Amino acid sequence: MKRRHITTALAVLSGATVLFFGLNFLLNPDGAPSGFGITPWPEGNADGYFAVKGVRDIAVAATVFLLLTIGQRRTLGWVVLIDAIIPLGDALTVLTHGGTYTTALSIHVSAAALVVLTAIMLLTESGQRPPERTHLTSSP
């Protein structure tokens, strides 16, 4: 299997995973938090939190799929690298809000590692620079 195919598969996996999480938080607000690593508030309504998380994840997934679809693999690499901040922030949130180190590391830090690996693979692909555009000029 070519490296480019593996990189594409990892990019699709990154987008599909975050899309799943986003949809899960929007459509399954009662069950989704248990997989995130922190418990929802014991009192009150946490629906706003779930909607924010769901929409954030869907937007990230849409960005990944758009850049992949239009062939902007190098730009996708930079975007995916920046997006690695999200699972690292999630790990920090889990650790500072009553979650376990096991959850923070096994879910969020491992996700960040996969995202960084995907970014590195996208950024180091060979032959991915688009040809330079030339402007045609006509002489009168």
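Here, the structure is the one placed above.
Treat the numbers as computed from the prediction; the structure is a model and nothing was measured.

A.B. asks: In this structure, what is going on with the overall build of the protein? I would like to understand it.
C.D. replies: When helices and strands are counted, the protein shows six helices and zero strands. Here the protein, with 140 residues, has 34% of them falling under the buried criterion. Taking as baseline every contact in the protein between residues at least 6 positions apart, the subset at least 24 positions apart corresponds to 74%. On the protein, roughly 9,100 Å² of surface is accessible, and the fraction owed to carbon and sulfur atoms is 67%.

A.B. asks: How should I be thinking about the side chain of glutamate 125 in this particular structure?
C.D. replies: Along the chain, the position of glutamate 125 falls in the segment after α6 (101–123). The class for glutamate 125 is buried, based on a relative accessible area of 9%. Apart from residues lying up to four places away in sequence, glutamate 125 is in contact with Arg3, Arg4, Thr7 and Arg73.

A.B. asks: Looking at this model, I keep getting lost on the nonpolar core. Mind explaining?
C.D. replies: In globular proteins that are soluble, nonpolar side chains generally tend to be buried together. Grouped together as the largest cluster of nonpolar side chains are 10 residues: Ala11, Val64, Leu67, Leu68, Leu76, Val80, Ala84, Val115, Ala119 and Leu122. Elements with a contribution of two residues or more to this core: α3 (47–69), α4 (73–83) and α6. Sequence-distant contacts of leucine 67, defined by excluding residues within four places in its chain, comprise Gln72, Thr75, Leu76 and Val79. Counting residues in each nonpolar core, the second largest holds seven residues, with Ala32, Phe36, Ala91 and Ala104 among its members.

A.B. asks: Where do I start with the environment of threonine 17 in this structure?
C.D. replies: Position of threonine 17 relative to the elements: it lies in helix α1 (residues 3–27). In this structure the C-alpha to C-alpha distance between threonine 17 and alanine 61, which are 44 residues apart in sequence, comes to 8.0 Å. At 2.7 Å, the side chain of threonine 17 forms a polar contact with the backbone oxygen of leucine 13.

A.B. asks: I'm lost on the packing of α4 against helix α5 (residues 85–96) in this one. Help?
C.D. replies: Helix-helix packing: each pair is described by the crossing angle between the helix axes and the interaxial distance. For the pair α4 and α5, interaxial distance at closest approach is 5 Å and the crossing angle is 5°. Put simply, α4 runs roughly parallel to α5. Two secondary-structure elements touch here, α4 through Leu81, Ile82 and Asp83 and α5 through Ile85, Ile86 and Pro87. Residues that form the contact of α4 with α5 fall into these classes: five nonpolar, no polar and one charged.

A.B. asks: For this particular structure, what's the right way to read the pattern of salt bridges?
C.D. replies: Note on pairing: side chains with opposite charge can pair once their charged atoms come close. Tallied over the entire structure, the rule returns four salt bridges. A salt bridge links arginine 4 to glutamate 125; the shortest N-O distance between them is 3.4 Å. With arginine 4 in helix α1 and glutamate 125 in the segment after α6, this residue pair connects regions lying 121 residues apart in the sequence. The partner of arginine 56 in a salt bridge is aspartate 57, with the nearest N and O atoms 3.1 Å apart.

Each value, and the rule that gives it
Residues numbered from 1 in each chain as written. Predicted model: local features only at pLDDT ≥ 70, side-chain atom pairs only at ≥ 80, totals over all residues. Heavy atoms only, no water. Helix = DSSP H or I, 4+ residues; strand = E, 2+ residues; numbered from the N terminus. Buried < 20%, exposed > 50% of the residue type's maximum accessible area, 1.4 Å probe, protein only. Contact = heavy atoms within 4.5 Å. Areas by Shrake-Rupley, 256 points an atom, 1.4 Å probe, with all protein chains shown as cover. Core = buried A, V, L, I, M, F, W, Y, C linked by side-chain atoms within 4.5 Å. Polar contact = N/O pair within 3.5 Å; in protein donor to acceptor, adjacent residues only side chain to side chain. Axes fitted to C-alpha atoms, helices over the stretch in contact; angles between N-to-C directions. Parallel < 35°, antiparallel > 145°, perpendicular 65-115°, else oblique. Nonpolar A, V, L, I, M, F, W, Y, C, P; charged D, E, K, R; others polar. Salt bridge = Lys/Arg side-chain N within 4 Å of Asp/Glu carboxyl O.

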